[in-house]
Amino acid sequence: MTKRKPLSTVVAESLAEKIRSGELQPGAQLPTEAELCAEYDVSRTVVREAVARLRSEGMVVPQQGRGMFVSETPTPRNFSIPDEALRTLPETIALLELRLSVEVESAGLCAERRTDKEASNIRSMMEQIDAQQADPAAVQIHYDYDFHLAIAKAARNEFIHGFLAYLGPMIVPRFQLGYVVEPALKDSYYARIHSEHKAIVDAIERQDGAKARQAMRKHLQNSLGRVRALAKASGIEATDAEQKAAAASLFTRMKRPPPTGDRPRS
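The rules behind the values
Residues numbered from 1 in each chain as written. Predicted model: local features only at pLDDT ≥ 70, side-chain atom pairs only at ≥ 80, totals over all residues. Heavy atoms only, no water. Core = buried A, V, L, I, M, F, W, Y, C linked by side-chain atoms within 4.5 Å. Buried < 20%, exposed > 50% of the residue type's maximum accessible area, 1.4 Å probe, protein only. Helix = DSSP H or I, 4+ residues; strand = E, 2+ residues; numbered from the N terminus. Contact = heavy atoms within 4.5 Å. 1 Å grid on protein atoms, 1.4 Å probe; cavity = no way out; pocket = protein on both sides within 12 Å on 5 of 7 lines; lining within 4 Å. Points joined across faces, edges and corners; volume = space filled by probe spheres on them. Nonpolar A, V, L, I, M, F, W, Y, C, P; charged D, E, K, R; others polar. Axes fitted to C-alpha atoms, helices over the stretch in contact; angles between N-to-C directions. Parallel < 35°, antiparallel > 145°, perpendicular 65-115°, else oblique.

Visitor: Describe the nonpolar core, and please don't skip the residues or the numbers.
Guide: Counting 49 residues, the largest nonpolar core has Tyr143, Ile151 and Leu177 as the members making the most contacts within it. Listing elements by their share of this core, those giving two or more residues are helix 5 (89–113), helix 6 (116–132), helix 7 (145–153), helix 8 (158–171), helix 9 (186–205) and helix 10 (209–233). With 11 residues, the single largest contributor to this core is helix 5. Filtering out sequence-adjacent residues up to four positions away, Tyr143 remains in contact with Ile129, Leu177, Tyr189, Tyr190 and Ile193. Within the second largest apolar cluster, 20 residues are counted, among which are Ala16, Tyr40, Met68 and Val70.

Set out below in structure tokens:
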């Protein structure tokens with residue numbers, strides 16, 4: 001006899017198919033629990049288990065006080081990631097956490113200290129970067145790092161800018177954007193990133209430090225969430241040991257002396 005699937009699995013698979021087919025578009029709100037109960041003739045417990053499964057797979061995300069929404073950038077269901085890229089995931093997560101702690105303040109200081117010319121240059125850089133919309137399989141996940149560096153430079157704190165510039169060679173050559181963005185969702189992904197970038201730039205232009213910090217936090221938290229979802233889908237859980245090993249590897253590279261031509265003059 002064929003074993004019947006649990007009702008929560010049946011509901012989850014049906015909703016997942018609606019998301020993949022486009023019947024439920026990225027950013028769309030899921031029906032309420034009551035509506036799903038009526039549609040599938042199941043209990044609230046079954047619906048909650050089904051939605052929890054979709055959430056664990058990165059297909060839906062909660063919005064506080066509003067409900068569950070289809071993820072703008074769900075993790076690809078089927079993907080092939082080289083071993084060398086997988087090994088960088090714990091370190092990439094740690095670096096994004098580090099960036100989050102530094103760049104939130106960087107954005108706020110930029111808003112409070114930037115010149116009109118710097119604000120104009122930051123917007124121009126954003127528009128240029130966001131207009132490219134390259135194939136996710138041919139671009140690195142941190143393709144907008146120069147935009148972030150421009151914000152750090154206008155923050156008028158050479159330690160922040162110097163630190164992020166120093167991290168650049170370690171952060172940028174990670175893995176392809178295509179590992180976290182399905183080709184069919186390319187346009188919606190780039191539109192979302194542009195929206196996040198624009199919120200940062202708008203706050204910088206208004207010289208609103210609090211809003212700039214808030215917008216940068218949201219932008220980097222979304223990036224971190226995508227990489228964490230990829231790690232989970234790949235079976236790469238960032239344990240304490242892996243985080244410590246990633247940090248040790250990072251600091252070993254940071255301690256290496258720069259090439260002779262780059263040594264500071266005495």
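Visitor: Could you give an account of empty space enclosed by the protein, with specific residues and numbers?
Guide: Considering all chains together, one arrives at two cavities of 30 Å³ or more under this definition. Taken together, 16 residues form the lining of the largest cavity, with Ile141, Asp144, Tyr189, Ser223 and Arg226 sitting closest to its centre. Looking at the lining of the largest cavity, the elements with two or more residues in it are helix 5, helix 9 and helix 10. Per-element accounting of the lining of the largest cavity gives the leading share, five residues, to helix 10. When its residues are assigned to classes, the lining of the largest cavity shows nine nonpolar, four polar and three charged. Reported here for the second largest cavity is a volume of approximately 40 Å³. Contributing to the lining of the second largest cavity are Ile129, Gln132, Gln133, Ala134, Val139, Tyr143 and Tyr190.

Visitor: Help me get a handle on the packing of helix 6 against helix 9, residues and values and all.
Guide: For the pair helix 6 and helix 9, interaxial distance at closest approach is 10 Å and the crossing angle is 175°. Considered as vectors, helix 6 and helix 9 are oriented roughly antiparallel to each other. Between helix 6, through Ala119, Ile122, Arg123, Met126, Glu127 and Asp130, and helix 9, the contact on the second element is made entirely by His194, His197, Lys198, Val201, Asp202 and Glu205. Taken together, the residues of the contact of helix 6 with helix 9 sort by class into four nonpolar, two polar and six charged.

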